[in-house]
Amino acid sequence: MTKTSSKASLSQALPFWLPMILPPLVWLSAFLGGWWVIAVPLATWYLFSILDAATGLNLENLDPNTPDDELIWHRMVTIIWAPVQFITLFGVMNYALNAPHLGTLETIVLFFGVGVMTGTVGINFSHELMHQRNNFERWLGDILLSMVLYSHFRSEHLLVHHRYVATPRDPVTARYNEGFHRFFPRVLRQSLISSFEAEKALLARKDQHWLHRKNPFLRYWVLQALMLCIAFAVGSWAGLGLFLLQAGVAIWQLELVNYVEHYGLTREHLGDGKYEHVKPHHSWNAAHKASNWLLINLQRHSDHHFKPDRRFPLLQNYDTEDAPQLPYGYPIMTMAAMVPPIWRRVMNPKVRAWRKQYYPGITDWLPYKNATNPLPR
């Protein structure tokens, strides 16, 4: 049974500051070298999985009407992350490229770990910030995304994903039986196209050209170019290569999570290209305590789709009767997604059970499986 707590407090906010251990761990990895360069992936994937097993589930909810001024300690961690990540990314780049104790392989693995940090935490925090109405927070979200060259994620997420989730028109909804290694190149291509077309269509409805200053893609391109220039200024071609490496790893981390969040879930088609409204059972959820600390409640995904601008501490937990639940938190589930036979063995029976529970009247799911992915109009 889900319990509701009436008021936020500093003690409730502190666990969500656990992601702040990653920047010092990146620096420590760079200073010590050797096997320490794998510390960040080990902490992110395995330490938090162990903590999940130790801490169990969090089924409590804060009052969703809690005002912002009572959430200052929750909000602060997402606000300070952008400068912390910027300093860590480029500071460690400068240090690593001039550190005699770090070999080429160690430096590459080190920046793989940086990408795990900028993807697991940086992009996730940008996701929280982009949903807010405050321009300052939205700008911080854009800056974070520019550090991984994935700025269009904001347009894709706000204009495409939330509108078309769990339908063939959403590029990032993984189809039933679609392995991650097929999903990943497809979503890289389709999400870029769909996000640009969505912004272009939005401007066209106002009789404005896509080159209009209100097109956020212009800001995306400028910010991304600036980050590339900083990387080159810090480390020349080697710095640019390390920057691209961590960006690629970060994007991979994001799309692994996207793959997990809605795998095999489909809204009922009502005819004439229309689908039922988004409901809690159209997202996979996980109530595991530690990974929700790391991911600031991203795993309460059904409520995020119900109330997209609701701040992360106020996202509500859903019981098994109301929304499908993952057997483990995202760290373990994303690792499983990298091995399609394991993923299908775990998740396909759950998808089939979900279909029987929520859509017993649909006996032929082939049209959903074979549906094309038209761009949003």
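Residues numbered from 1 in each chain as written. Predicted model: local features only at pLDDT ≥ 70, side-chain atom pairs only at ≥ 80, totals over all residues. Heavy atoms only, no water.

## Description of the side chain of Ser191
Here is step 1: With respect to the helices, strands and loops of the structure, Ser191 is situated in helix H8 (residues 180-204).
Here is step 2: A polar contact of 2.6 Å, which involves the side chain of Ser191, links it to the backbone oxygen of Val187.
Here is step 3: Setting aside chain neighbours within four positions, we find Ser191 in contact with Tyr150, His152, Glu156 and Pro171. (Helix = DSSP H or I, 4+ residues; strand = E, 2+ residues; numbered from the N terminus. Polar contact = N/O pair within 3.5 Å; in protein donor to acceptor, adjacent residues only side chain to side chain. Contact = heavy atoms within 4.5 Å.)

## Describing a positive patch on the surface
Here is step 1: Taken together, the side chains of Arg163, Arg205, Lys206, Arg213 and Lys214 define a basic patch exposed on the protein surface.
Here is step 2: Here Arg163 shows up in helix H7 (residues 153-164). (Patch = residues over 30% accessible without salt bridge, like charges linked within 9 Å, V, L, I, M, F, W, Y side chains within 5 Å. Areas by Shrake-Rupley, 256 points an atom, 1.4 Å probe, with all protein chains shown as cover. Salt bridge = Lys/Arg side-chain N within 4 Å of Asp/Glu carboxyl O. Lys, Arg positive; Asp, Glu negative; His and termini not counted. Charge placed at Lys NZ, Arg CZ, Asp CG, Glu CD.)

## Here we look at the pattern of salt bridges
Here is step 1: Going through the model one piece at a time under the given rule, you end up with nine salt bridges.
Here is step 2: Notably, a salt bridge pairs Asp303 with Arg310, separated by 2.8 Å at the nearest N-O pair.
Here is step 3: Residue Asp303 is classed as buried on the basis of its relative accessible area of 1%.
Here is step 4: Through salt bridges that share partners, Asp68, Arg75, Glu137 and Arg311 make up one connected network. (Buried < 20%, exposed > 50% of the residue type's maximum accessible area, 1.4 Å probe, protein only.)

## Some details on the confidence of the model for the protein
Here is step 1: Averaged over every residue, the pLDDT of the protein is 92; residues scoring 70 or more account for 95%.
Here is step 2: Overall, residues 372-377 carries pLDDT values under 50, and its contacts beyond four positions in sequence, including any with other chains, amount to 20 contacts. (pLDDT = per-residue confidence, 0-100.)

## A closer look at unusual backbone geometry
Here is step 1: Positive phi, normally seen in glycine, also occurs at Ala166, with a value near 60 degrees.
Here is step 2: Turning to its location among the elements, Ala166 is positioned in the loop between H7 and H8.

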